[in-house]
Amino acid sequence: MRFVSTRGQAAPATLSEAIAAGLAPDGGLYVPESVPTLAPADFEGKTTLADIAAALLRPFFEGGALAAELDAICAQAFDFPAPMRWLDDGTGLLELFHGPTAAFKDFGARFLAACLSRLRADGDRPLTIIVATSGDTGAAVGGAFHGLAGVRVVILYPDGRVSPRQAHQLGAFGDNVRALRVAGSFDDCQALVKRALNDAALQARVPLSSANSISLGRLLPQMGYYTHAALAHWRETGEVLNFAIPTGNLGNALACILARRIGLPIGEVLLATNANDVLPSFFDGGPYEPRASVATLANAMDVGAPSNFERLRWLVPDDGALREGFRAIAVGDAAIRDTIGEVWTRHGVAVCPHTATAIHALDSLAPDGTWAVVATAHPAKFESIVEPIIGEPVAPPPALAALLARPAHADPMPADYAAFRAQLEAR
Ligand SMILES: *Cc1c(COP(=O)(O)O)cnc(C)c1O
């Protein structure tokens, strides 16, 4: 399979090239040249996340340098579970936070690391992975690449806009993982990363790659857990599973939408955003208008220009059809707080602010069918928000507790490109 740019001005690339490059040379995002078709019967006898992901991703890897490694890559990346926790007959939480940094991004980051480490030859110059994060991406990428030879990671995060535990996590890896706390917003961080990735002169001296959600190496594996959950439901009931997804850059939801297009038994896909309502405004019939992000309780979704929207438009080029196909709902901070409290009172379950947006969006529509609300992070990552609402401490899972016990350090940096370039060139 070959991969082309959403902007159509770049030469088709192999999967390895697309994964190594991150962004396509024309500034677009890589997408598969054609979408393969698979049916539940193609997964017969497969039950584990790793096996299902490998069968799903096989067509995308066909003919490429990593094809023979796919089973091993999936075994390495999908080595923690994605269980469904049923709240009632019709609604469950698809818990994607059982990885090393307690957010769903562990799946994509670990898969990308497993791919990139296999693409590097011994004599290659060290590769610098640069990543802008609104909190969780940086930790997942740092965790996935920590200690890998031949790779260093530079994380940029908006100073003061991530939770205290997120900040600690980002600075706690050390070794080949550096954290820069930027005096600016997430969008400023992302702009610095994009500019460096487009700076040919810099890249001649410092080979760079990205690990943001634009990377195919993160997007493709995210289809794995949707497929796993939808197949389990299909096998048990013969019915499709619908998904409500907390959405920021649209990477997680796009993976679900792509899995549905491939032919998996997925029903409706409901997008929930926080007060950054660029997508809900579009789906309500307005123009697509990226704007500056505002800070909310669900900070990993504080995105004013969802980068994967370009891929969604590639998949469904007609805006009318796009609006028919999906619903998107914006959820403000007050509703996030109320929902965290209600879920605790009703079910005795603590949820993170991101997960709360999707629960609230689903409750407000009360649609038919069986729904999986995607639980994107462990509530203990956002203890300063969750604990005062539920009135109880939320214990971090063991992997997160271990990270929090390490010392942490992040260097301050202005939101300025010359300063960033100097950091990258420093050894
Ligand atoms: C990144 C993140 C999201 C948003 O995912 P996108 O792929 O950017 O839409 C939601 N919740 C949490 C906890 C996250 O870390």
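Remember, it's a predicted structure, so these values are computed and weren't measured experimentally. (Residues numbered from 1 in each chain as written. Predicted model: local features only at pLDDT ≥ 70, side-chain atom pairs only at ≥ 80, totals over all residues. Heavy atoms only, no water.)

Asks: Would you take a moment to explain the pattern of salt bridges for this structure?
Replies: Opposite charge on two side chains makes pairing possible when the charged atoms of those side chains draw close. For the structure on display, the rule yields 16 salt bridges. Two residues, E95 and R85, come together in a salt bridge whose shortest N-O distance is 2.8 Å. A residue pair is termed long-range when its members are at least 10 positions apart, and E95 in strand β4 (residues 91-95) and R85 in strand β3 (residues 84-86) qualify at ten residues. Residue E95 is classed as buried on the basis of its relative accessible area of 8%. A salt bridge links D136 to K381; the nearest nitrogen and oxygen atoms lie 2.8 Å apart. (Salt bridge = Lys/Arg side-chain N within 4 Å of Asp/Glu carboxyl O. Helix = DSSP H or I, 4+ residues; strand = E, 2+ residues; numbered from the N terminus. Buried < 20%, exposed > 50% of the residue type's maximum accessible area, 1.4 Å probe, protein only.)

Asks: Sorry, what's going on with the sheet that holds strand β6 (residues 151-158) here?
Replies: By definition, the strands of a sheet pair up through backbone hydrogen bonds, in either a parallel or an antiparallel sense. An order of β8-β5-β6-β7-β13 is seen for the five strands of this open sheet, with the pairing classed as parallel. Of all the strands in the sheet, the pair left with one neighbour each is β8 (208-210) and β13 (411-414). Ignoring which end each strand starts from, the neighbouring axes of this sheet average 30 degrees apart. Note: strand β5 (residues 127-132) against β6, six bridges, orientation parallel. Looking at β6, one finds that T128 is bridged to R152. Most of the contacts of helix α19 (residues 417-425) go to β6, to which it runs at about 155 degrees, and overall it touches β5, β6, β7 (177-183), β8 and β13. (Pairing = 2+ DSSP bridges. Axes fitted to C-alpha atoms, helices over the stretch in contact; angles between N-to-C directions. Contact = heavy atoms within 4.5 Å.)

Asks: What should I look at first to understand the sheet that holds strand β9 (residues 241-246) in this one?
Replies: Here we have six strands laid out as an open sheet, ordered β3-β4-β12-β9-β10-β11, and mixed in their pairing. Looking at strand neighbours, the two that pair on one side only are β3 and β11 (327-330), the edges of this open sheet. Strand after strand, the sheet turns through a mean of 25 degrees between neighbouring axes, direction not considered. Alignment of β9 against strand β12 (residues 371-375), held across three bridges, turns out to be parallel. Within β12, the position partnered with F243 by the bridge is A372.

Asks: Help me understand the packing of helix α2 (residues 49-61) against helix α10 (residues 223-237), please; the structure alone is not making it clear to me.
Replies: Packed helices, taken two at a time, are described by the angle their axes make and the gap between the axes. Where α2 contacts α10, the axes come no closer than 9 Å and their chain directions differ by 115 degrees. Judged by the twist between their axes, the crossing of α2 over α10 is right-handed. The residues of α10 that touch α2, namely those facing L49, I52, A53, L56, L57 and F60, are M223, G224, Y225, T227, H228, L231 and R235. Looking at the contact of α2 with α10 residue by residue, the class counts come to nine nonpolar, three polar and one charged. (Left-handed = near helix turned anticlockwise from the far one by under 90°. Nonpolar A, V, L, I, M, F, W, Y, C, P; charged D, E, K, R; others polar.)

Asks: Looking at this structure, I do not really get helix α16 (residues 353-365). What am I missing?
Replies: Residues that lie three or four places apart on an α-helix share one face, since the helix turns once every 3.6 residues. Between its first and last C-alpha atoms α16 spans 19 Å; for 13 residues at 1.5 Å apiece the expected length is 18 Å, and the two agree. Among the residues of α16, those classed as buried are P353, H354, T355, A356, T357, A358, I359, A361 and L362. After α16 finishes, the residue A366 shows a positive phi value of roughly 45 degrees. (Expected span 1.5 Å × (residues − 1).)

Asks: What exactly am I supposed to notice about the site of the ligand here?
Replies: If you check the shell around the ligand, you find 15 residues, and the closest are K105, D136, G248, N249 and T376. Separating an oxygen atom of the ligand from a backbone N or O atom of N249 is a distance of 2.8 Å. Here the ligand loses 98% of its free accessible area of 380 Å² to cover by the protein chains. A breakdown of the residues in the shell around the ligand according to their chemical character gives six nonpolar, seven polar and two charged. (Near = heavy atom within 4 Å. Polar contact = N/O pair within 3.5 Å; in protein donor to acceptor, adjacent residues only side chain to side chain. Areas by Shrake-Rupley, 256 points an atom, 1.4 Å probe, with all protein chains shown as cover.)

Asks: Would you explain the pairing of β12 in this entry?
Replies: Sheet faces and side chains relate simply in a regular strand, where the side chains alternate between the two faces. Of all five residues in β12, five are buried, a share of seventy percent or more. Alternating residues of β12 divide into W371, V373 and A375 and A372 and V374, and every residue in both groups is buried. Two strands pair when backbone bridges link them, and β4 and β12 are joined in this way by five bridges, in the parallel orientation. Across the sheet, T91 pairs through a bridge with W371, a residue of β12.

Asks: Looking at this structure, I do not really get the packing of aromatic side chains. What am I missing?
Replies: How two aromatic rings sit relative to each other is set out by the distance from centre to centre and by the angle between their planes. Within the structure shown, the criterion is met by twelve aromatic pairs. Taking 5.0 Å as the distance between ring centres and 50 degrees as the angle between the ring planes, the aromatic pair formed by F107 and Y225 counts as tilted. One end of the pair, F107, is in helix α4 (residues 105-119); the other, Y225, is in helix α10, and 118 residues separate them in sequence. Judged by its relative accessible area of 1%, Y225 falls in the buried class. Taken together, a centroid distance of 5.0 Å and an interplanar angle of 90 degrees make the contact between Y226 and F243 edge-to-face. Note that Y226 is positioned in helix α10 and F243 in strand β9, a separation of 17 residues in sequence. (Phe/Tyr/Trp six-rings, centres within 6.5 Å; stacked < 30°, edge-to-face > 60°.)

Asks: I keep staring at the nonpolar core and nothing clicks. Help me out?
Replies: Grouped burial of nonpolar side chains is what soluble globular proteins tend to show. Core analysis: the largest hydrophobic core is formed by 99 residues, its most contacted members being F61, F111, F145, M223 and F243. Considering every element that reaches this core, the biggest residue donor is α2, with ten residues. For F111, the contacting residues outside a window of four places in its chain are L57, F61, L70, I73, C74, A77, F78, G217 and P221. Within the second largest apolar cluster, 37 residues are counted, among which are L297, A335, A361 and I385. (Core = buried A, V, L, I, M, F, W, Y, C linked by side-chain atoms within 4.5 Å.)

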